[in-house]
Amino acid sequence: MLHALYLLGIAAFAASGVLAAHRANMDPFGGLVLAFAASISGGTLRDLILDRHPLYWTHDWLLLVLIASVAVATMLYLRRWELPHRALMVVDAVGLAVVTVIGARAAIDAHVTPVAVLILAVLTGVTGEVVRDVLCGEFPPLLLREEVYATAALAGAVCYLGLHSVGTSDTVSTVVSAVLVFGLRMAAIFRDLHLPRLQRVAG
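Summary of the structure given here. (Residues numbered from 1 in each chain as written. Predicted model: local features only at pLDDT ≥ 70, side-chain atom pairs only at ≥ 80, totals over all residues. Heavy atoms only, no water.)

## A look at the overall build of the chain
- A count of helical and extended segments in the chain gives seven helices and zero strands.
- Going residue by residue from the N terminus, the α and β elements of the chain occur as α-α-α-α-α-α-α.
- Taken against the 2.2 N^0.38 rule, which gives 17 Å for 203 residues, the C-alpha radius of gyration of the chain at 17 Å falls within 12% of a compact globule.
- Principal-axis analysis of the C-alpha atoms gives the chain an extent of 60 × 50 × 30 Å.
- When burial is assessed residue by residue, the chain has 46% of its 203 residues classed as buried.
- The long-range share in the chain, meaning contacts at least 24 apart out of those at least 6 apart in sequence, stands at 74%.
- On the chain, roughly 10400 Å² of surface is accessible, and the fraction owed to carbon and sulfur atoms is 68%.
- In the chain, 13 positive and 14 negative side-chain charges are present, and the distance between their average locations comes to 6 Å. (Helix = DSSP H or I, 4+ residues; strand = E, 2+ residues; numbered from the N terminus. Rg over C-alpha atoms; globule rule 2.2 N^0.38 Å. Buried < 20%, exposed > 50% of the residue type's maximum accessible area, 1.4 Å probe, protein only. Contact = heavy atoms within 4.5 Å. Areas by Shrake-Rupley, 256 points an atom, 1.4 Å probe, with all protein chains shown as cover. Lys, Arg positive; Asp, Glu negative; His and termini not counted. Charge placed at Lys NZ, Arg CZ, Asp CG, Glu CD.)

## A word on the packing of helix H1 (residues 2–23) against helix H4 (residues 87–109)
- Orientation of H1 relative to H4, taken along the N-to-C sense of each, is 140°, at an axis distance of 8 Å. Every pair of crossing elements has a handedness; the one defined by H1 and H4 is left-handed. In contact with Leu-2, Leu-5, Tyr-6, Leu-8, Gly-9, Ala-12, Phe-13, Ala-15, Ser-16, Leu-19, Ala-20 and Arg-23 of H1, H4 contributes Ala-87, Leu-88, Val-91, Asp-92, Val-94, Gly-95, Leu-96, Val-98, Val-99, Ile-102 and Arg-105. (Axes fitted to C-alpha atoms, helices over the stretch in contact; angles between N-to-C directions. Left-handed = near helix turned anticlockwise from the far one by under 90°.)

## Some words on unusual backbone geometry
- Going from His-53 to Pro-54, the amide bond is cis rather than trans, its omega being -5°.
- Tracing the sequence through the fold places Pro-54 in the loop between helix H2 (28–50) and helix H3 (61–80).
- Phi at Asp-51 is positive, roughly 60°, even though this residue is not glycine.
- Note that Asp-51 resides in the loop between H2 and H3.
- Phi is positive for His-111, close to 60°, though the residue is something other than glycine.
- Along the chain, His-111 falls in the loop between H4 and helix H5 (114–135).

## Here we look at the packing of H4 against helix H7 (residues 170–190)
- Two elements in contact, H4 and H7, have axes whose closest approach is 9 Å; the angle formed by their N-to-C orientations is 145°. Here H4 and H7 pass one another in a crossing that is right-handed. The residues of H7 that touch H4, namely those facing Met-89, Val-90, Ala-93, Val-94, Leu-96, Ala-97, Val-101 and Arg-105, are Asp-170, Thr-174, Ser-177, Ala-178, Val-181, Phe-182, Arg-185, Met-186, Ile-189 and Phe-190.
- Grouping the amino acids of the contact of H4 with H7 by side-chain chemistry returns 13 nonpolar, two polar and three charged. (Nonpolar A, V, L, I, M, F, W, Y, C, P; charged D, E, K, R; others polar.)

## Concerning the pattern of salt bridges
- Scanning the model with the defined rule gives six salt bridges in all.
- Its salt-bridge partner being Arg-46, residue Asp-47 comes within 3.1 Å of it at the nearest N-O pair.
- On the basis of relative accessible area, Asp-47 is assigned to the buried category, the value being 1%.
- In this structure, Asp-47 engages Arg-52 in a salt bridge whose closest nitrogen and oxygen atoms are separated by 3.7 Å. (Salt bridge = Lys/Arg side-chain N within 4 Å of Asp/Glu carboxyl O.)

## Section: the environment of Leu-154
- Here Leu-154 is to be found in helix H6 (residues 150–165).
- Exposure remark for Leu-154: the relative accessible area of 38% places this residue in the partly exposed category.
- Distance in space between the C-alpha atoms of Leu-154 and Asp-27 is 34 Å, their sequence separation being 127 residues.
- When near neighbours in sequence (up to four residues on either side) are disregarded, Leu-154 contacts Leu-118 and Val-122.

Spelled out as structure tokens, the structure:
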């Protein structure tokens with residue numbers, strides 16, 4: 001179950017990388033680069049912090065084939081059909097939801113503190129989006145705008161950690177937490193919900 005969701009999250013981020021490259025008018029190589037960057041950046045940062053070697057994607061050929069296949073399939077789709085409105089945000093939300101929970105699970109397995117679990121889960125979820133947006137020349141990245149993005153990931157990480165701490169099965173914890181992240185992100189997208197901006201105090 002967890003492995004299947006993990007592959008779904010990676011595939012979603014790969015597609016989001018290509019969609020972002022398409023929106024930025026990049027060539028196919030740029031789309032492929034963004035697909036890999038969006039897919040593996042979060043997990044790579046997590047593993048480097050946890051000092052886990054070798055990095056997870058360096059010995060998983062299936063994962064690399066999946067990313068490349070999804071990237072090519074998305075490019076072929078975009079050559080024939082128009083990009084649906086908000087497609088990038090929806091696909092990205094799937095990746096955020098799944099990868100955040102995967103990050104929480106990996107951090108718990110590493111026996112770090114609860115606060116570190118939350119930090120690593122959020123970093124795993126959002127890093128791919130940050131790298132993708134920076135490579136596309138989008139400043140500030142989505143994460144640093146008033147979007148409900150990292151906060152959705154944090155809510156899912158708290159949910160997963162809480163369910164795990166009370167002995168809930170891993171399958172239930174994973175599904176509930178991922179649905180929470182996705183639901184919060186979808187509510188923010190389709191109801192136009194935003195966090196308050198930092199305002200300068202008038203003086």
